[in-house]
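Examination of the molecular architecture
The lines below spell out each chain.
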Amino acid sequence: MPGLRHWPYTIPLRIRSLFFRNRVERELNEEFQFHFDRQVEAGLAQGMTPDEARAAAGRAFGPIPLRNEECRDTRGFNFIDNLAQDLRYAARILRKNPSFTFAVILALSLGIGVNTVAFTLWKAMLARRLDARNPGEMVNLARVPKFGSTGVDFGDISFSYPDYEAYQDSVDSFSGVVAFTTERLRLSNAGGVVSQRTSTAESPLGRFGLLSAGASNAEFASVYVVSENYFKVLGVAALRGRTFDSLTIPELVASPSALIGENYWQRRFARDPAVLGKTIRLNGVAVTVIGITPHDFVGTGVVVPDFWLPVSLEPLIHGYPDWLHSNGIRPYRLFARLAPGASIGQAQSGMTLVARRRRSGSDKPATAFIWPGSPLPLPLNSYHGLKLTILLIMLAAGIVLIVACANVGSLQLARVRSRRNELHTRLSLGASRRRVIRQLLTESALLGLLAGGAALLFTWALMKISLNFFIGALPAEDGAIVLHVTPDLEIFAWVFVISLVAGILFGLAPAMETSRQALAPGAGASTVRFRRFQDFFLGAQVALSLVLTIAGSMFVRGAIHSLGMETGYESKRVISLDFQFPEASKYAASRKAALVRELRARIAVIPGVAAITSARPPDANVFRTAAVSLDKNAQSILHYSYVQANYFETLGVPLLLGRGFQSQAGEPERSIILSESAARQLWPGENPVGHSLRLGVTDEQYHGADELIADGPAYQVIGMVRDIRGFEFDGSDSRQIYLPLSEDGLQDHPLLIRTRSDPAKVIRATDALVSSIDPDMVTTASTLDEMLRQTGPFIASSLAAAIASALGLLGLLLASMGIYGTVGYIVVLRTREVGIRIAVGAQKHNIVGLILCESTRPVIAGLLVGILLAAATSYLLRGLLYGLKAIDGLASFAEMALLFLAIAILAAWIPARRATRVDPVVTLRYE
Amino acid sequence: MSKPSDLVQGTLDLLLLKLLALEPLHGWAIGIRLKQVSGDILQVSDGSLYPALHKLEQQGWIKAEWRSTENNRRAKFYSLTRPGRAHLAKEAANWDRLATAINGVVRLTEV
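To start, this report covers the structure provided alongside it. (Residues numbered from 1 in each chain as written. Chains lettered and ligands numbered in written order. Predicted model: local features only at pLDDT ≥ 70, side-chain atom pairs only at ≥ 80, totals over all residues. Heavy atoms only, no water.)

1. Notes on helix α15 (residues 420–428) of chain A
One turn of an α-helix holds 3.6 residues; hence residues three or four places apart share an orientation. Residues of α15 of chain A that are buried include every one of L423, H424 and L427 of chain A, and no others. Seen end-on, α15 of chain A carries its buried residues on one side only, within an arc spanning 100 degrees. (Buried < 20%, exposed > 50% of the residue type's maximum accessible area, 1.4 Å probe, protein only. Helix = DSSP H or I, 4+ residues; strand = E, 2+ residues; numbered from the N terminus. Arc of directions from axis to C-beta.)

Given below as structure tokens:
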């Protein structure tokens, strides 16, 4: 293309060709007409008759459409013309087969939508950043026993206030360190528009029976307690008023201040500006509201709290003046912002130095562990069982996509055979092969685009529904979960491309193959290969569908099973009564003990109460210690708890060997009782009674794994009880050591009350009782069963079951649709064959039988493969789902397989029968 | 009209450009003029003429204009553009060189 000089001429022409096509076409025709007329005139002048002249002119000029085409070709925008034509043709074809089009679009949008939502939610919930400015600079801090230990524990992320001060001042790689913890404090003097006591039973979680409908006689607020520099380090300003960093610590203590969350302010005070400056009481401490945090601001947490308090008020809140100086009180999680240019490695070394300096002599040296900021307390690979659940859900979503693609693929394959004639006709009319292929490509692309559009809509809708479900799942009192999620376009693009490639190319390849054979009638060989390919596809589709639906049903049954799961103790008839003394400093220990004793005595005589003991509920036994048997040297880490003599009786846990604790005060010191699995661990195969072991620290506090050394006094085992289930996914806390609870420890433990009859009546009675003994005491009561439903494994299992069964249902729908459509379509294609067979004298029922056999063969093969795959899957899943055995539900495998087989048979039988009913002459002409 | 033998597309372009350099013509007139000027030796078929004309137009060497003919009918008249003139000069020079070279070989009486 020489030079720019000719552009003023070419560009206007191109524009004209593009935008004024009709006018250009007309001009072309006019030009040809002029030429034609002159030619005719010349002919007339030569003496021809008008007809001869016109015929000669026509011959000379050649076919006008061809000339048109040639000229159009020179214009260079033919591509767009052809594209437009292809699109229109494709649209017509798709409209002509509405069921095919609809099936493909539905399948693809379901597959794409489900996957996009699943992966987006995964990213949003687990790859969440902190709600701060420049969240990439924020990190989480932990202190682990040795470098590179995997599995960070809850003990490793808990810091004391002196810890916080040390790291704040001495580590250069941090430009700011903040401390953070969550509290649930009793709220009074609040007034306000809406009272907080809405029923928890109305939220979705409540409807699943997942929340304690326990009664409590006071209002609570969720509070985030944060260091004074929190908002400065996070880079967040107050919506109204001020944040803590505008005041010095002494000022904060002198006039206690708090912040209120905007969400709570809206909900409770209807955005009344008078809340600024208002004084409320949290746990009895008067605080003034000095500011409002922005809407949906969660900081380093996950949930929007009602209030924010500065750390300096902790001594007042808990009634413990030395709270901020004690090394043993470690409730805080620490986060930091990296200084500009600092790396995590540098920060880790810096923090390790400080950590080592802080350790007193006998403790093992600790190493810092820092990971990118996240509201989740532990780094992701510390959550063991949860990850597996999530992985499985992702897998299920992926399989839905694969089933969808298989659906589309086999539908396409089936359809191509029916279009063979059309393709041959077009080729013989003179279309170039390239042109035909281009048209097929356009058609596939159009289908893909339509499906993509539908998928986008579906994804958006599904995302909204899922989010509303999750956000509404927790009741307002726990703070509202904040999830700002839009469908992740990157993920969407990925999934879209995959499904395009998989689903649509399967239709393209055979079409290209077909077009290559131009007019050759001998397409027999490829038909056989084609048929086999198609059968394979159908079989794969069936197998995958079977696996998906079986996996889904397993999840559902797992959830149902865990609803009545074996805990090893009576949970429905035991009430846990937790009490709190309001301003702890007001009550001396002796007064508290007296109150508890009176409470116990009065509760014991309530009708319906069978037994009462002081202990923590079984799923709250989080404390662990080291244990070493005296005759061996290997150390084990076991859970422990303090219980009274009548604990096992109250919970219905049988004593298997030895004896229980004596209820009188004359219990020899240093006796313990073990659970079955603990005994098995320490002395496998032996009777543990009479053996002795050393324990580590048993002060019911969190200790990091490095502090657990069995260097305490020796204890003697006096009995063994059956295992009961705790709160761990894998049942590792069934290995329990039970220590006797002394009389003066009673006031620190909740009460467990065994009832003879309806627990609700007893709960109501205790309510009245507590108010009459001491109106300032705050109690919460719920049955152990209700509390169990709140534990991590149960909630995870239930939610996973809900999601998986939704996926399973979707998969079932998709699969059934796919099988019915494909098999039916294949049979319809054989209509002509049926006509021929009848015409040569075959019996109708023979034909139908033949077709049924041949159609169901690939289906049966697919079902067999599917059953094998499903059996393998269920074997893998059994570790995750409570109490599900591997071959559990073999019956349901068979059910599902039979269902699919029935659908396939039906899908084959109906069109086959219809084909035999029609007059052979008609079917022979059927295309 | 039959297709002129051995007439390459490029040569046809050269002929068309030269004709249009002398005066603006419409498609029919070009065919007539070519016949006249070449003494009936060179004939261009209608099937080749219009695509060639349109291609030259798309390339910017010639431009088109609708005018009335002597019979008061509308026809599309083509004429050279300024870049077209330059292109014509270049192509004509190329042709000269080529023709001279071929002549040189063909007229050889001895090796």
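Next comes the rest of the write-up.
2. Comments concerning the packing of aromatic side chains
Per the counting criterion, the structure on display carries 20 aromatic pairs over all chains. Judged by centre distance (5.8 Å) and plane angle (45 degrees), the ring pair of Y230 of chain A and W308 of chain A falls under tilted. Residue Y230 of chain A is found in helix α9 (residues 230–234), and its partner W308 of chain A is found in strand β10 (residues 307–310); the two are separated by 78 residues along the sequence. As far as burial versus exposure is concerned, Y230 of chain A and W308 of chain A are alike and both buried. Taking the centre distance of 5.3 Å and the plane angle of 80 degrees together, the rings of Y647 of chain A and F648 of chain A count as edge-to-face. Relative accessible area serves as the criterion here: at 7%, F648 of chain A is assigned to the buried category. An aromatic cluster is defined as three or more aromatic residues linked by ring pairs; in this entry it consists of F180, Y224, Y230, F231, F244, F297, W308 and F335 of chain A. One residue, R268 of chain A, lies across the ring of F269 of chain A, its end atom 5.8 Å from the ring centre. The ring of F77 of chain B is capped by R67 of chain B, whose NZ or CZ atom sits 4.9 Å from the centre of that ring. (Phe/Tyr/Trp six-rings, centres within 6.5 Å; stacked < 30°, edge-to-face > 60°. Lys NZ or Arg CZ within 6 Å of the ring centre and 35° of its normal.)

3. Topic: the interface of chain A and chain B
With 27 residues of chain A at the contact, the number on the chain B side is 28 residues. Of the roughly 2,600 Å² buried where chain A meets chain B, counting both sides, 59% is carbon and sulfur surface. Joining chain A to chain B, the criterion identifies 4 salt bridges. With a shortest N-O distance of 2.8 Å, D37 of chain A and R73 of chain B are connected by a salt bridge. On the surface where chain A and chain B come into contact, there are 5 residue pairs in polar contact (both at pLDDT 80 or more). (Contact = heavy atoms within 4.5 Å. Buried area = accessible area lost by both parts, 1.4 Å probe. Salt bridge = Lys/Arg side-chain N within 4 Å of Asp/Glu carboxyl O. Polar contact = N/O pair within 3.5 Å; in protein donor to acceptor, adjacent residues only side chain to side chain.)

4. Considerations on the environment of L110 of chain A
Residue and element names in this part refer to chain A. Examined against the element boundaries, L110 turns out to sit in helix α6 (residues 98–126). What makes L110 buried here is its relative accessible area of 8%. With residues up to four places along the chain from it excluded, the contact list for L110 reads F458, L810 and L814.

5. Focus: the nonpolar core
All names here are of chain A. Of all hydrophobic cores here, the largest spans 46 residues; its most connected members are L141, F174, I260, L282, F307 and L309. The biggest single contributor to this core is strand β2 (residues 174–188), with 5 residues. With near-sequence residues (within four places) excluded, L282 lies in contact with L185, R186, L187, A221, V223, V287, F307, L309 and I317. Core analysis: the second largest hydrophobic core is formed by 39 residues, W683, L693, I753 and A781 among them. (Core = buried A, V, L, I, M, F, W, Y, C linked by side-chain atoms within 4.5 Å.)

6. Observations regarding helix α11 (residues 262–269) of chain A
All names here are of chain A. Where burial is concerned, most of α11 is hidden: 6 out of the 8 residues are buried. Among all positions of α11, only E262, N263, Y264, W265, R268 and F269 are buried. Buried-residue contacts for α11 involve β2, β5 (240–241), β6 (257–261), β8 (285–293), β9 (303–304) and β10. Of the residues one or two after α11, A270 is the one with positive phi, at around 50 degrees.

7. With respect to unusual backbone geometry
Positive phi, close to 50 degrees, is recorded for A270 of chain A, a residue that is not glycine. Counting through the fold element by element, A270 of chain A comes out in the loop between α11 and β7 (279–282). For N72 of chain B, which is not glycine, the phi torsion reads 60 degrees and is therefore positive. Counting through the fold element by element, N72 of chain B comes out in the loop between β2 (62–68) and β3 (74–80).

8. Looking at the packing of helix α19 (residues 589–604) of chain A against helix α22 (residues 759–773) of chain A
Residue and element names in this part refer to chain A. Two elements in contact, α19 and α22, have axes separated by 11 Å at closest approach and are oriented at 145 degrees. In this structure, α19 crosses over α22, and the sense of that crossing is right-handed. Across from L595, E598, L599, R602 and I603 in α19, the residues of α22 making contact are T766, L769, V770, S772 and I773. For the contact of α19 with α22, the class distribution of residues is 6 nonpolar, 2 polar and 2 charged. (Axes fitted to C-alpha atoms, helices over the stretch in contact; angles between N-to-C directions. Left-handed = near helix turned anticlockwise from the far one by under 90°. Nonpolar A, V, L, I, M, F, W, Y, C, P; charged D, E, K, R; others polar.)

9. A look at the packing of helix α2 (residues 21–45) of chain A against helix α3 (residues 46–59) of chain B
Each pair of packed helices can be summarised by the angle the axes make with each other and by the distance between the axes. It is the contact of α2 of chain A with α3 of chain B, at a shortest axis distance of 13 Å, that shows an interaxial angle of 145 degrees. Crossing angle aside, the handedness with which α2 of chain A passes α3 of chain B is right-handed. Contact residues: α2 of chain A offers L28, E31, F32, H35 and Q39 of chain A, while α3 of chain B offers D46, L49, Y50 and H54 of chain B. Of the residues that constitute the contact of α2 of chain A with α3 of chain B, the class distribution is 4 nonpolar, 3 polar and 2 charged.

10. Here we look at the environment of L441 of chain A
Turning to its location among the elements, L441 of chain A is positioned in helix α16 (residues 433–473). Overall, L441 of chain A belongs to the partly exposed group, its relative accessible area being 43%.

11. Examining a positive patch on the surface
A contiguous patch of positive charge, built from R88, R92, R95 and K96 of chain A, is present on the exposed surface. Overall, K96 of chain A belongs to the exposed group, its relative accessible area being 67%. (Patch = residues over 30% accessible without salt bridge, like charges linked within 9 Å, V, L, I, M, F, W, Y side chains within 5 Å. Areas by Shrake-Rupley, 256 points an atom, 1.4 Å probe, with all protein chains shown as cover. Lys, Arg positive; Asp, Glu negative; His and termini not counted. Charge placed at Lys NZ, Arg CZ, Asp CG, Glu CD.)

Bear in mind that shape data such as this cannot, by itself, settle questions of function.
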